[in-house]
Amino acid sequence: MKCLLCGENTKEVIADKLRYGEARKVYHCNNCGLGMLQDSRTEKELKSFYNRNYRKKFTPKLNQASNPKELFEVYSNFQSTRIKLIRKFLKKDMKLLEIGCSAGMFLFQVKKYVREVAGIDYDSKSANFASQKCSCRVFSDCIDNLKFKKEEFDIICMFQVLEHTKNPVKFIEEVSKYLKPKGIIYIEVPNLNDALISAYNLPNHYNFYFHSAHLWYFTAKSLLGLMRKNNFKGKVYFTQDYNILNHMHWISADGPQSNCLPGLSQPEFRLRDKFPSDKKKKFNAFIQKMDSEYKKILTELGITSNLSFIGQKSNSRSKN
Ligand SMILES: [Zn+2]
């Protein structure tokens, strides 16, 4: 398979089975670090998959379809990490666009720091929910068919989107048309070097990690390479969403938690109601301290669950 990013021929197969047992290969480019799923779906087929089936198959609760309200509640917990990272780049007069905004949980929280927010999402139910919840423009359409003006936005965000696109190089190129000169892009993708993949020996997790909705698997090197190819200058940050209790669960059972909410919240021990509250506090302070120490180590080692690129459109070789 030819690498989309650097053009090298790559033969290394890092997985031949995906989540739900699908037999498909994931290739890895040893030159630039990009992981690629063997996939033959067209752009049209992918769109219809996201509009109709995605949220039936991939939801916060295993094997249960979820509605926008549920998505909003579950994933609201994790937005503070994102806000913390982008906060210093935001100004009161900015216009921000989020691509793949789902039910609007990030837009809802980031709104107060900028002049205007807007979003797009393939899933029309989520798009409608987000538009009402954040009282802003949210379209359910593709990036090449947008109602926004070219160079309209100061900042464009996309979280866990790029790995789903047919061609990430072209996608970024398309997206940047809506960014002002010197505008900022903030991208978050799953990290192929996630500790659960690269540090722990968890065969079930390994098969769970690779799935048919993720066409690309990024490392810090390949994400930077992709952005450089599109004339963006910036930096990669390592962020961890799931907490230590979620990892403990994987490590001891080599299976997912039945609901992702406890794994994405402040970790808390499951304690008896009758257990005195001062003792409860002590227990939970302990696990929370451990969680923050653990996340520090993952960040230092670059083996967090997510990679975030924040960077600026460079003027030098503008394609507009
Ligand atoms: Zn490559």
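Given the structure is predicted, the values throughout are model-derived calculations rather than measurements.

## Remarks on the layout of surface pockets
Phase 1 of the analysis: The space that makes up the second largest pocket amounts to roughly 640 Å³.
Phase 2 of the analysis: Lining the second largest pocket are 23 residues; nearest its centre among them are Phe78, Thr81, Lys84, Gln240 and Lys295.
Phase 3 of the analysis: Among the secondary structure elements, those contributing two or more residues to the lining of the second largest pocket are helix H3 (79-86), strand E10 (232-239) and helix H12 (277-301).
Phase 4 of the analysis: Its residues placed into classes, the lining of the second largest pocket shows seven nonpolar, ten polar and six charged.
Phase 5 of the analysis: Here the lining of the second largest pocket spans two domains, and each of domain 1 (43-238 + 307-313) and domain 2 (244-299) adds at least three residues to it.

## Digging into the sheet that holds strand E3 (residues 35-37)
Phase 1 of the analysis: The four strands are arranged E1-E2-E3-E9 in an open sheet whose pairing can be described as antiparallel. Each edge of the sheet is formed by a strand with only one pairing partner; in this case those strands are strand E1 (12-15) and strand E9 (216-217).
Phase 2 of the analysis: Two strands pair when backbone bridges link them, and E1 and strand E2 (residues 26-28) are joined in this way by three bridges, in the antiparallel orientation. Looking across to E2, one finds that Ala15 is bridged to Val26.

## A short note on the domain arrangement of the protein chain
Phase 1 of the analysis: The domain architecture assigned to the protein chain consists of domain 1 (43-238 + 307-313) and domain 2 (244-299).
Phase 2 of the analysis: Using C-alpha coordinates to define each centre, domain 1 is positioned 27 Å away from domain 2.
Phase 3 of the analysis: On the domain 2 side, the residues contacting the 15 residues of domain 1 number 15 residues.
Phase 4 of the analysis: Of the roughly 1400 Å² buried where domain 1 meets domain 2, counting both sides, 68% is carbon and sulfur surface.
Phase 5 of the analysis: Summed over the shared surface of domain 1 and domain 2, the result is zero salt bridges.
Phase 6 of the analysis: Linking domain 1 to domain 2 there are three residue pairs in polar contact (both at pLDDT 80 or more).
Phase 7 of the analysis: Counting residues per element, the ones that place at least two in the side of domain 1 that touches domain 2 are helix H2 (68-76), helix H7 (195-198) and helix H8 (203-209).

Rules used in this analysis
Residues numbered from 1 in each chain as written. Predicted model: local features only at pLDDT ≥ 70, side-chain atom pairs only at ≥ 80, totals over all residues. Heavy atoms only, no water. 1 Å grid on protein atoms, 1.4 Å probe; cavity = no way out; pocket = protein on both sides within 12 Å on 5 of 7 lines; lining within 4 Å. Points joined across faces, edges and corners; volume = space filled by probe spheres on them. Helix = DSSP H or I, 4+ residues; strand = E, 2+ residues; numbered from the N terminus. Nonpolar A, V, L, I, M, F, W, Y, C, P; charged D, E, K, R; others polar. Domains from an automatic or database assignment. Pairing = 2+ DSSP bridges. Contact = heavy atoms within 4.5 Å. Buried area = accessible area lost by both parts, 1.4 Å probe. Salt bridge = Lys/Arg side-chain N within 4 Å of Asp/Glu carboxyl O. Polar contact = N/O pair within 3.5 Å; in protein donor to acceptor, adjacent residues only side chain to side chain.

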